[in-house]
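Overview (structure and organization)
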Amino acid sequence: ERLGARHVSLESFRNAILQPDKKPEDDVPVEFSLAVILSKDPNERNIIDDKKSNIRILLGKKLRGFGQGFYNCFGGKLEKTNDEYNNPARGAIREVREETGIHVPLSQMEKSYVGQIHFTFEDWKDNRAMKMHLFCVFVNLLEDGDVINEQQCNETDTLPIHSSQIRGCDEIEPKWFQNAYDIPLHQMFADDTVWLTMLLKHYDTSMQQPMRQKLMFDAWFHFHPGGEGTNSMRHHFVQVNRPVKSAPGPMDSLVQSAINDYATYSKSKNVHTYSFEKKLFHALHNNGINSPTIKEFKENWAMANAVRTFMKDENSMLAVIDVAGGHGALGALFLALSPKCKTAVVIDPAEVRGKDGVQKAWGQFWQSDSANERSLRYRHECLRTGLRDELNCMLSKQKIADNHERNSSPPLFPTNILVVACHACQHLTDETLEIASEYGVNVAVMPCCQKDHDGWWKGLTKRLVKSNNTESTSLSIGTVMDLLAAGKMLGWQTGSSAGVRYRVKMKLMDEGISPHQNRMILCRAESRESGLKLQGGKEESPKVLAHEKLTRAYRRAHRQSKNEVESPVNTTEKRVPVQSISLDMLCVQSWMTGVAIGAALAFLALGSQRRSLVP
């Protein structure tokens with residue numbers, strides 16, 4: 001799916017990628033070096049029988065930067081120093097040494113030259129063309145203490161290295177793949193499926209021959225918009241230069257057979273080439289849909305998964321309302337990810353380009369049937385009226401705005417409904433949270449564009465940070481506003497009109513996806529009476545239990561004052577219930593006691609006065 005159309009000539013390829021508004025200077029590429037490191041497996045096998053290769057390959061997993069999380073060979077951008085532009089082998093030596101610890105002599109790296117790989121992109125204004133100088137180095141792995149035979153290595157063009165010599169760096173982590181057919185193509189760039197598999201199959205086969213035959217080729221790849229993030233090609237062409245084949249087309253002779261072999265092996269091993277995230281992403285690009293963009297897709301994917309994790313119960317997302325959702329990707333993701341989600345409604349006053357594309361690309365992932373009807377709807381209406389009207393419809397048997405009757409299912413409970421808003425500006429965030437709490441439904445927002453209109457909060461944050469002796473000079477106004485919004489949702493009165501209170505959590509989206517506006521406010525509605533979601537729970541209210549506990553404490557206190565405390569607890573004896581004292585009884589007894597004490601004091605005072613009068 002991600003390989004695009006293959007061409008049998010360079011002219012056909014260039015005609016297919018022709019872009020009239022592109023100027024010659026726009027085609028000047030950034031130059032890189034790339035080195036493939038292989039090692040002969042000492043246990044030679046027949047690859048036709050068991051699909052075990054005779055070569056091992058060293059790949060590196062990128063830990064940061066371009067291609068993070070992907071496996072790749074070793075290389076990087078050429079530097080003007082050290083004459084790398086005139087001799088790219090020098091750049092390959094530097095990159096291999098930095099990323100693996102292997103030092104390849106210049107003469108051997110120059111002999112290992114394979115050819116050039118050219119990369120162009122549909123969105124050429126955002127992603128410059130690249131030219132990769134490709135090398136393939138063979139190494140002989142030795143155990144620590146083994147003696148290196150340099151003469152033998154010079155004769156075979158194989159570099160001897162000790163296993164302990166290989167080490168990574170903070171950018172890349174090297175890993176040997178003992179079977180070249182086991183390389184993780186689903187975690188590699190799409191072009192590797194074409195040229196790297198051809199290279200590996202060629203040398204795997206030639207290892208069974210007395211002399212290793214060198215392979216040289218040039219390749220051209222044209223990618224969908226998005227470059228690294230898309231990882232999907234539209235066109236490609238490979239020209240094999242050595243050995244020269246008499247077959248009608250280079251692809252038919254070498255490349256296509258390698259691709260077929262790797263595809264067959266992956267199926268036999270049940271290798272899943274795509275995660276569900278990648279399936280959704282490629283479904284967009286296979287249909288030529290560019291809205292949502294790559295960044296928007298990643299943001300919506302991250303937010304949808306964060307919300308699902310926080311809500312815990314899939315019943316909290318039976319219906320999803322995507323506020324200011326535009327193309328509707330966020331709401332559609334809940335339909336695709338949550339098996340219980342029945343409907344997603346996108347409320348946006350503007351008709352955004354791409355909404356039909358989301359339905360077209362992802363509709364297959366939430367297919368409805370007679371027993372499970374699922375739908376994605378759009379309402380082009382203002383938030384203030386649209387959100388309230390939609391919530392009223394979901395919570396009762398009303399007609400929706402387009403005069404279609406609701407399905408026959410009963411009305412939803414408030415906690416079956418989720419309201420979401422990704423990159424909602426400050427006033428939109430406030431109104432979304434306010435309306436959601438008014439109805440007592442679950443809500444999750446990722447605010448943006450916060451402003452401090454009078455400057456008071458900025459001054460306060462500087463004083464607060466300074467008083468805490470932190471290194472930062474102040475908190476950003478966005479952080480302050482988001483904390484205030486989250487604190488308001490924690491307030492005792494929030495949700496009281498709907499009989500709920502909110503469990504609130506703030507989570508940060510990966511800065512690689514959204515570097516600044518990445519704070520998500522997640523709010524789960526719970527009953528004030530039971531602390532449980534409003535789904536008909538019959539457990540006793542904590543308020544009632546607390547009142548009973550206070551009553552028991554009151555009774556114990558008064559029993560102690562009247563010397564009616566029970567004897568210490570004895571597990572072998574049966575406790576004798578003590579008659580409870582009502583408030584009315586306490587009031588009468590107190591009045592009678594006061595009268596008696598007053599009478600006694602009056603009698604004593606009168607007697608004392610009479611004695612004082614006697615001479």
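Residues numbered from 1 in each chain as written. Predicted model: local features only at pLDDT ≥ 70, side-chain atom pairs only at ≥ 80, totals over all residues. Heavy atoms only, no water.

1. Focus on the side chain of His7
- When you line up the elements, His7 lands in the loop between strand 1 (5–6) and helix 1 (10–16).
- Classification of His7 as buried rests on a relative accessible area of 9%.
- There is a polar contact of 2.7 Å between the side chain of His7 and the side chain of Ser12. (Helix = DSSP H or I, 4+ residues; strand = E, 2+ residues; numbered from the N terminus. Buried < 20%, exposed > 50% of the residue type's maximum accessible area, 1.4 Å probe, protein only. Polar contact = N/O pair within 3.5 Å; in protein donor to acceptor, adjacent residues only side chain to side chain.)

2. A closer look at the confidence of the model for the protein
- Within the protein, residue pLDDT values average 77, and 68% of them lie at 70 or more.
- The low-confidence segment residues 44–50, where pLDDT is below 50, has 14 contacts with residues more than four positions distant or belonging to other chains.
- For residues 531–540, every residue scores under 50 in pLDDT, and the model assigns this stretch 24 contacts once sequence neighbours within four places are set aside. (pLDDT = per-residue confidence, 0-100. Contact = heavy atoms within 4.5 Å.)

3. Focus on unusual backbone geometry
- For Lys312, which is not glycine, the phi dihedral falls at a positive 70 degrees.
- Looking at the secondary structure, you find Lys312 in the loop between helix 9 (294–311) and strand 12 (319–323).
- Even without a glycine there, the phi angle at His423 is positive, about 55 degrees.
- With respect to the element layout, His423 can be found in strand 15 (residues 417–425).
- Classification of His423 by relative accessible area gives partly exposed; the value is 27%.

4. Here's the deal with helix 12 (residues 383–395)
- Between its first and last C-alpha, helix 12 extends 18 Å over 13 residues, near the 18 Å set by a 1.5 Å rise per residue.
- Of the positions making up helix 12, those classed as buried are Leu383, Gly386, Leu387, Glu390, Leu391, Cys393 and Met394. Along the axis of helix 12, the buried positions cluster into a sector of 160 degrees, meaning they face one direction only.
- The inward-facing, buried residues of helix 12 contact strand 12, strand 13 (343–347), strand 14 (375–379), strand 15 and helix 13 (426–439). (Expected span 1.5 Å × (residues − 1). Arc of directions from axis to C-beta.)

5. Quick word on the sheet that holds strand 13
- In space, the 7 strands of this open sheet follow the order 14-13-12-15-16-18-17, with mixed pairing throughout. Strands at the two margins of the open sheet, each flanked by one partner only, are strand 14 and strand 17 (500–508). Here the strands of the sheet are splayed against their neighbours by 15 degrees on average, with no regard to which way each runs.
- Relative to strand 18 (residues 519–527), strand 16 (residues 442–448) runs antiparallel, the two sharing 3 bridges. Paired with Val445 across the bridge in strand 18 is Ile521.
- Sheet strands in contact with helix 9 are strand 15, strand 16, strand 17 and strand 18, and its direction is about 30 degrees off that of strand 18.
- Sheet strands in contact with helix 12 are strand 12, strand 13, strand 14 and strand 15, and its direction is about 175 degrees off that of strand 12. (Pairing = 2+ DSSP bridges. Axes fitted to C-alpha atoms, helices over the stretch in contact; angles between N-to-C directions.)

6. Quick word on a positive patch on the surface
- A cluster of basic residues, Lys549, Arg552, Arg555 and Arg556, forms a positive patch at the surface.
- Relative to the elements of secondary structure, Arg556 occurs in helix 16 (residues 542–561). (Patch = residues over 30% accessible without salt bridge, like charges linked within 9 Å, V, L, I, M, F, W, Y side chains within 5 Å. Areas by Shrake-Rupley, 256 points an atom, 1.4 Å probe, with all protein chains shown as cover. Salt bridge = Lys/Arg side-chain N within 4 Å of Asp/Glu carboxyl O. Lys, Arg positive; Asp, Glu negative; His and termini not counted. Charge placed at Lys NZ, Arg CZ, Asp CG, Glu CD.)

7. Topic: the nonpolar core
- By size, the foremost hydrophobic cluster in this structure holds 42 residues, and its most contacted members are Met303, Val307, Phe334, Trp362, Leu376 and Leu418.
- The set of elements that each furnish at least two residues to this core consists of helix 8 (276–286), helix 9, helix 10 (329–337), strand 13, helix 11 (355–362), strand 15, strand 16 and strand 18.
- Per-element accounting of this core gives the leading share, 10 residues, to helix 9.
- With 41 residues, the next largest nonpolar core counts Leu38, Ile117, Leu185 and Phe217 among its residues. (Core = buried A, V, L, I, M, F, W, Y, C linked by side-chain atoms within 4.5 Å.)

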